[in-house]
Structure formats: structure tokens, C-alpha cells
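Structural features, examined
Spelled out, the chains give:
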Amino acid sequence: MTAALGFIMLAIIVVLLISNKTSIIPVFGIIPILAALVLGYGLKDIQGFMNEGFQSVLNTIILFSFAVMFFSLLSDVGMFDVIVNRVMKYLGNNVLAVLYIACFVTMISHLDGSGATTALVTIPTMLPIFKKMKMRPVCIVFVMTLMSGAMNITPWCASMLRITSVTGLDAQVLWRYLAPVQAFAIVGGLLLMFPIAAMERKNGAGMTDEEFAELKASLTQPAKVTVSRPVLVFDMALTGFMIVGLLLGWFGTAIGFIVAFGLALIINYPNVKEQGAKIKQYGGPAINMVMTIIAIGVLVGVMNGTGMIEGMTGVILGVLPESLGRHLCFLVSLLVVPINTIIGSDNIYFALTPIMQSIVSAYGVADLALATSIVVPCALAAGITLIGPSPYLALGLADCTMGEHLKYSFKWIWLLAALCTVFAGIIGKIPM
């Protein structure tokens, strides 16, 4: 009964999310509670399950809140604009160089972990250049999708927050474990720009010398910065210290971003009233994800507390060939991109991952290996899902359709994700 209701509940959740009838917050916040009631649990019992679930996502909530506000502050004062403008001054009349500039802009703008922010920064910045170079608009959407996906495996990004919420892993520990795979994804994405450049040149991309001189002249305007030069230098140094410190394990992610945001807020906005206004301004983008993570806590807590995960795992283990169990992570990882395109990453993280976690643990597969097998291809494919909002924002800004995007981007993203899976298997991060 418990296992059957668990499968039914997940099926209902998937259908509701695919049909786009409601957002993830009420789905995860209400349906698990109703399922627990059907199983005969009282409200006090359910509250206890939820409390356990909330404890599992508390660190994730803290990390996301302060990381988003920290990077939002840096973007607000113009730090990212300065970096992007300086890089673009070295732009040459070369299709491949334009692609690499787009890669760099994407990677810089995605430091806040937000796909929407990345689209709003990258596409308006790069689309006029792409058009002057006679490159197809869908190409910038592809570049942004690919490189933001490779960057979306840092501890404060949505993909890592989701997978760690479900598995209970520490985001920083997981990042350090899969760092070689992320590096491979970034390098692989940069190398893919060679065939993409050739493809665009074949399609007629390129500018005349006169057109290129006009473009260079438009880049001489200084970036808009709202703070003094010493403060801007402090912001850049603080950001560099944070990234290096997180990578080398000098401090935890939560304490790092809490302190970094506090310092940045005081230095950039010394006035107390202005600090309060900025906290309200930057807290807005974080609240939706915080509520989503809390709803995840409800789902995880109820499924664990009622025994759904255990029962469903028993059913699947009963039909799963023993020889396949240890290789399940590798095989599923190869198929995550098309699955993600159809049903979205939330269903993979919150429906598939908990069941797989229990299954593969029976064969001695560590949670770190499972998380790597899911999060890397899911992050790369985040921008080609049919049911996520961020891809459509990017497509709207570039005036492209999802059909054009999938036709142009899908094969390249799936190829890179598959190569990352194979690389992870070769170096022992995922059992092959």
C-alpha cells in the first residue's frame, strides 16, 4: 500500500508539473501531505515528518539566500559590467572570438546561479554583436545554455541546491568531488565552439572591416559603476577570495556568503536605511527559490517518514537485475538529457533521485557518485527543458522558438553530457 501510493503520488506530481497547471511549490507542499493522510497518519505525525525534511534543507536555504543577495549586490553596483566591457574591447572580427566572448560573458553573469539573470545579461549584451557578425540569434541561446549549464555545478547554483536537498550531501563537498568533471564540461564546451564557428561561417557569418570598426567604436563608453574605484577594487578582491576559498575549502559555503554579503553591504552602502532597502531589493529574487526548497523539505520528509522511499525501493529492487544495479548511475546519466528535456529537471531531482539513492546504495555506490551522475547532465540540459521558464525567457530575448533551439542545440548538449559521463566513469567518479 505504501509503495503503491508513493508511485501514484509521484505520477500525479509529474503529470501536474508537465501539464504546467500549477507551480512546484503547491505541488510539493500539498500532495505529500494528502498522501500521508490517506496512509492513516495524523497531522502531528505529518508535522514531525516535515520538521525532519526542513532540517535536511536548512543549510541549502541559508546558502542560496545569501549567495543570491551577494551576487545581486555586485551586479547592481556594476562590477560585472566593468569585467565584461574590458574583455569585449579585445574583440576581433572573428566568429570564433565572438563565440568565446559570449562564453566568457555567460560564465561571468552566471556567478549568481540564476538562469534568468544570465539570460538578461548575456543575450542583450551579445545579440547585437551576433547580428552584426551575421550569426544566427539561436546561436547565442545555445552558447548561453551550454556554458551556463557547465557553470551551474557550483555550490550556490540551483542544480547543486536541488541535488543536495534530496541526497543530504554538503554542496561544497559535492563540488570538490566533481570539480574535475565540471572542468571537463567547461573545456569541452569551449572546444565545441570550433565546429559551431565553422557551422556559422558556412551559414554566412562575418563582418566587413567597416562594420567591425563601427562596432569597436561603440565599446569605448565606460561601464556604469555606482561606487568609487576603491570600493570596486574591494568588491573584485572579495569575489576572487570567495571563489578561491570555496574551491580550496578554507571555509564553508554558508559562513562564507553570510560574511561576504555583510561586508559587501557595509562597504558599498554605508547608510543604514540604504542597507535595509537593498536587502529588500536583493531578497526578492531569492524568495521563490527559498519557498521551493521548503516545499522540497515537505516532500522529502513525508516520503522518508511514511516509508514510501523504502517501500518503492523494495519494489524496484525486486525487478531490477542485480547485474544492472551498480551500473545504473552510468546508464541513467547517459539518458538524463532527453529525459530532462521532456519532464524537466525538478522531476529528475525530486522523483527519480531519491529512489535511485536507495537502490544504488544497496550495491555499494556512494551518494557522491549518484549525485554526480545526475547533476552534471541535468545542469547542462537545464536550458533545453520544455517545461522550465528560463529557456523561454532566453528564447524571447533572442526572438527564437523552442523548435529552433532544440534543432540547433540538443545534439551538442547531449554529446557534451555523454562525454562528461564517460569521463567521470574513466576517472572513477561514477561506476561504469
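Criteria and cut-off values
Residues numbered from 1 in each chain as written. Predicted model: local features only at pLDDT ≥ 70, side-chain atom pairs only at ≥ 80, totals over all residues. Heavy atoms only, no water. Helix = DSSP H or I, 4+ residues; strand = E, 2+ residues; numbered from the N terminus. Buried < 20%, exposed > 50% of the residue type's maximum accessible area, 1.4 Å probe, protein only. Contact = heavy atoms within 4.5 Å. pLDDT = per-residue confidence, 0-100. Expected span 1.5 Å × (residues − 1). Arc of directions from axis to C-beta. Disulfide = S-S within 2.5 Å. Phe/Tyr/Trp six-rings, centres within 6.5 Å; stacked < 30°, edge-to-face > 60°. Lys NZ or Arg CZ within 6 Å of the ring centre and 35° of its normal. Axes fitted to C-alpha atoms, helices over the stretch in contact; angles between N-to-C directions. Parallel < 35°, antiparallel > 145°, perpendicular 65-115°, else oblique. Left-handed = near helix turned anticlockwise from the far one by under 90°. Nonpolar A, V, L, I, M, F, W, Y, C, P; charged D, E, K, R; others polar. Patch = residues over 30% accessible without salt bridge, like charges linked within 9 Å, V, L, I, M, F, W, Y side chains within 5 Å. Areas by Shrake-Rupley, 256 points an atom, 1.4 Å probe, with all protein chains shown as cover. Salt bridge = Lys/Arg side-chain N within 4 Å of Asp/Glu carboxyl O. Core = buried A, V, L, I, M, F, W, Y, C linked by side-chain atoms within 4.5 Å. Polar contact = N/O pair within 3.5 Å; in protein donor to acceptor, adjacent residues only side chain to side chain.

We now examine the overall build of the protein chain. A count of helical and extended segments in the protein chain gives 20 helices and 0 strands. Across the 432 residues of the protein chain, 52% fall into the buried class. Taking the contacts inside the protein chain whose residues are at least 6 apart along the sequence as the reference set, 79% of them involve residues at least 24 apart.

This part takes up unusual backbone geometry. Positioned with a positive phi, Lys 134 is a non-glycine residue whose angle comes to about 60 degrees. Among the secondary structure elements, Lys 134 is positioned in the loop between helix H6 (115-132) and helix H7 (137-151).

Right, let's talk about the confidence of the model for the protein chain for a bit. Within the protein chain, residue pLDDT values average 83, and 89% of them lie at 70 or more. When pLDDT is averaged over each element of the protein chain, H7 comes out on top at 94 and helix H15 (residues 322-325) at the bottom at 64.

End to end, helix H12 (residues 253-268) covers 22 Å across 16 residues, agreeing with the expected 22 Å (1.5 Å per residue, within 8%). Along H12, the positions that sit buried rather than exposed are Thr 253, Gly 256, Phe 257, Ala 260, Phe 261, Ala 264, Leu 265 and Asn 268. Down the axis of H12, the smallest arc covering the buried residues is 145 degrees, so these residues share one side.

Now for the state of the cysteines. Each disulfide consists of a covalent bond between the sulfur atoms of two cysteine residues. Counted under the stated rule, the structure contains 0 disulfides. Not engaged in a disulfide, the cysteine Cys 103 finds its nearest cysteine sulfur in Cys 139; these two sulfurs lie 9.2 Å apart. You can call Cys 103 buried: its relative accessible area is 1%. Between Cys 400, a free cysteine, and Cys 139, which holds the nearest cysteine sulfur, the sulfur-to-sulfur gap is 9.9 Å.

Okay, the environment of Leu 16 next. With respect to the helices and strands, the residue Leu 16 is situated in helix H1 (residues 2-19). Measuring from C-alpha to C-alpha, the distance between Leu 16 and Val 27 comes to 7.6 Å, with 11 residues separating the pair along the chain. Residues in contact with Leu 16, not counting those within four places in the same chain, are Lys 21, Thr 22, Val 27 and Ile 31.

This part takes up the side chain of Thr 372. Within the element layout of this structure, Thr 372 appears in helix H18 (residues 367-380). Filtering out sequence-adjacent residues up to four positions away, Thr 372 remains in contact with Leu 174, Tyr 177, Leu 178, Val 181, Pro 377 and Ile 430.

Let us look at the packing of aromatic side chains. If you walk through the whole model with that rule in mind, you get 12 aromatic pairs. Consider the rings of Trp 156 and Trp 175, whose centres lie 6.2 Å apart with planes at 70 degrees: the pair is edge-to-face. Taken together, the residues Trp 156 in the loop between H7 and helix H8 (158-167) and Trp 175 in helix H9 (residues 171-202) connect sequence positions 19 residues apart. Take Trp 156 and Trp 175: they sit in the same class, and that class is buried. With a centroid separation of 5.5 Å and an interplanar angle of 65 degrees, the aromatic rings of Phe 410 and Trp 414 are classed as edge-to-face. One end of the pair is Phe 410 and the other is Trp 414, both in helix H20 (residues 402-426) and 4 residues apart, which spans about a single turn. A network of ring pairs unites the aromatic residues Phe 70, Trp 156, Trp 175 and Phe 257 as a single cluster. One cation-aromatic arrangement involves Lys 429 over Tyr 177; the distance from NZ or CZ to the ring centre is 4.4 Å.

In contact at an axis separation of 10 Å, H8 and H9 are set at 115 degrees when each is read in the N-to-C sense. Here H8 is positioned roughly perpendicular relative to H9, judged by the angle of their axes. Handedness of the crossing formed by H8 with H9: right-handed. Across the interface between the two elements, Met 160, Ile 163 and Thr 164 from H8 touch Ala 171, Leu 174, Trp 175 and Leu 178 from H9. Classifying every residue of the contact of H8 with H9 by side-chain character gives 6 nonpolar, 1 polar and no charged.

Taken together, the side chains of Ile 30, Leu 34, Leu 37 and Leu 43 make up a nonpolar region of the molecular surface, amounting to roughly 390 Å² of accessible area. Per-element accounting of the nonpolar patch gives the leading share, 3 residues, to helix H2 (residues 24-38). Residue position: Ile 30 is located in helix H2. With a relative accessible area of 46%, Ile 30 lands in the partly exposed category.

A few words now on the nonpolar core. By size, the foremost hydrophobic cluster in this structure holds 139 residues, and its most contacted members are Phe 70, Leu 99 and Ile 374. Apart from residues lying up to four places away in sequence, Leu 99 is in contact with Phe 130, Met 135, Cys 139, Val 143, Met 193, Ile 196 and Ala 197. Judged by nonpolar contacts, the second largest core, of 6 residues, contains Ala 36, Ile 46, Val 298 and Val 302.

Here Gln 172 lies in helix H9. Under the relative-accessibility criterion, Gln 172 is labelled buried at 8%. One polar contact links the side chain of Gln 172 to the main-chain carbonyl oxygen of Phe 251, over a distance of 3.1 Å.

Packed helices, taken two at a time, are described by the angle their axes make and the gap between the axes. Remark: H9 packs on H20, axes separated minimally by 10 Å, with the N-to-C direction vectors making an angle of 145 degrees. As H9 packs across H20, the resulting crossing turns out to be right-handed. Of H20, the residues touching H9 (which contributes Pro 180, Val 181, Phe 184, Ala 185, Gly 188, Gly 189, Leu 192, Pro 195, Ile 196, Met 199 and Glu 200) are Tyr 408, Trp 412, Leu 415, Leu 416, Leu 419, Cys 420, Phe 423 and Ala 424. Tallied by class, residues from the contact of H9 with H20 come to 16 nonpolar, 2 polar and 1 charged.

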